[in-house]
Amino acid sequence: MTTRSLPKATLDANAALSPREARRLVFARLTEAGFDNAFHEAKWLVDHVAGERLGEAEPLSEADRVRLDDALARRLAGEPLWRVLGEREFWGLTFRLSPATLEPRPDSETLIEAALERIGDRRHAPLSILDLGTGTGCLLIALLSECPAATGLGIDLSQEAVETARLNAAANGVSDRAAFRQGAWTAELNRRFDVIVSNPPYIRTADIATLDAAVREHDPRLALDGGADGLGPYRIFAQTLAAVLADDGFVVLEIGADQEDDVKGIMQQGGFVWQGSRRDLGGHPRALIFALP
């Protein structure tokens, strides 16, 4: 989808629109613009504005119409739907987005599956979890939602991301067990964790310019750029995670395409033992599991 200029007006300002009528108009505009999922997007956009406040025959307020017009204009200009809505679901939970965070994506749920499988019958134990590059906090918060006695710490280089993660922890009912702070990976940590998870930046610097516009223009570069070969964060992990991993603890790392062998080699050079890989919805290796011997 190529970027479009924002339309000056998207809906008829003189017509009284019910949610049903608004969906029809939004559907028509999205279909005309060539959006493949226009039916569902129209529903999501109108529901985002009207929510459950209005009956199907009750007209949108002027404020609702302004918000819908703005949301539709942003979508027609190529802004990703979830950015327009300001939130996205992950592991059955809802996460607020900000310009400093990536959108939680379904493939990253592979890390949650891998971690829970490895946790096994310790799910109700008082585990400690570390999430490096926490972003929205989705990995940590999802794990805390599944492990009711666990506590966790999320670290991100962006203070804005940290604030977003705190809001998401509160919204998902785990703020009493989740802490977040600004920092560079494991710097200044003086404790050990049973579970360490991370979805670090892993895109090669030169490849960022070739990414789809929805990613290149709207995802934070700080969360994308993994250095010249995309492997910079893993080299840091190989040298630092052993100092903060508890006895019998394990690490789950997200990787990009064609990085499995490289990341396995880097972590093994740091003294870690590869314990398995898990594939994402597309069948690609997505989560690698490591432990110390």
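The paragraphs below set out a description of the structure included in this document. Remember, it's a predicted structure, so these values are computed and weren't measured experimentally.

Rules of the game
- Residues numbered from 1 in each chain as written.
- Predicted model: local features only at pLDDT ≥ 70, side-chain atom pairs only at ≥ 80, totals over all residues.
- Heavy atoms only, no water.
- Helix = DSSP H or I, 4+ residues; strand = E, 2+ residues; numbered from the N terminus.
- Contact = heavy atoms within 4.5 Å.
- Expected span 1.5 Å × (residues − 1).
- Buried < 20%, exposed > 50% of the residue type's maximum accessible area, 1.4 Å probe, protein only.
- Arc of directions from axis to C-beta.
- Polar contact = N/O pair within 3.5 Å; in protein donor to acceptor, adjacent residues only side chain to side chain.
- Core = buried A, V, L, I, M, F, W, Y, C linked by side-chain atoms within 4.5 Å.
- Phe/Tyr/Trp six-rings, centres within 6.5 Å; stacked < 30°, edge-to-face > 60°.

### Quick look at the side chain of Thr186
Step number 1: Structurally, Thr186 is set in the loop between β5 (178-182) and β6 (193-198).
Step number 2: Those residues within four positions of Thr186 in sequence are excluded, and the remaining contacts are Leu132, Thr240, Leu241 and Val244.

### A look at helix α7 (residues 159-171)
Step number 1: Look at α7: 19 Å from first C-alpha to last across 13 residues, which is about the 18 Å you get at 1.5 Å a residue.
Step number 2: All of the buried residues along α7 are Ala161, Val162, Thr164, Ala165, Asn168 and Ala169. Here the buried residues of α7 occupy an arc of 160° about the axis, which is enough to place them on one side.
Step number 3: For α7, the N-terminal cap is Ser158; the gap from its side-chain oxygen to the backbone nitrogen of Glu160 is 3.3 Å.
Step number 4: Backbone geometry just downstream of α7 places Gly173 in the positive-phi region, at approximately 75°.

### Here's the deal with the nonpolar core
Step number 1: Counting 32 residues, the largest nonpolar core has Phe180 and Val252 as its most contacted members.
Step number 2: For this core, the secondary-structure elements that each account for two or more residues are β2 (93-96), α5 (109-119), α6 (138-146), α7, β5, β6, β7 (245-254) and β9 (285-291).
Step number 3: At seven residues, α6 tops the list of elements feeding residues into this core.
Step number 4: Of all hydrophobic cores here, the second largest spans 29 residues; its members include Ile196, Ala238, Leu241 and Val263.

### Remarks on helix α1 (residues 19-32)
Step number 1: Its 14 residues give α1 an end-to-end C-alpha distance of 20 Å, which sits within 8% of 20 Å, the value for a rise of 1.5 Å per residue.
Step number 2: Buried within α1 we find Pro19, Ala22, Arg23, Val26 and Leu30. The arc enclosing the buried residues of α1, seen along the axis, measures out at 100°, which places them on a common side. Relative to its buried face, α1 has exposed residues pointing more than 90 degrees away, namely Arg24 and Glu32.

### Things to note about the packing of aromatic side chains
Step number 1: Under the defined criterion, the tally for this structure stands at five aromatic pairs.
Step number 2: For the pair Trp44 and Trp82, a centre-to-centre distance of 5.4 Å together with 40° between the ring planes defines the contact as tilted. Of the two residues, Trp44 is situated in helix α2 (residues 38-50) and Trp82 in helix α4 (residues 81-85); the sequence distance between them amounts to 38 residues.
Step number 3: Using a relative accessible area of 25% as the deciding quantity, one classes Trp82 as partly exposed.
Step number 4: Considering the side-chain rings of Trp185 and Phe237, the 5.0 Å spacing of their centres and the 85° angle between planes classify their relative orientation as edge-to-face. A residue pair is termed long-range when its members are at least 10 positions apart, and Trp185 in the loop between β5 and β6 and Phe237 in helix α9 (residues 232-240) qualify at 52 residues.
Step number 5: Residue class for Phe237 comes out buried when judged on its relative accessible area of 0%.
Step number 6: Among the aromatic residues, ring-to-ring pairing joins Trp185, Tyr234 and Phe237 into one connected group.

Such coordinate-based values are descriptive only and should not be taken to indicate function.
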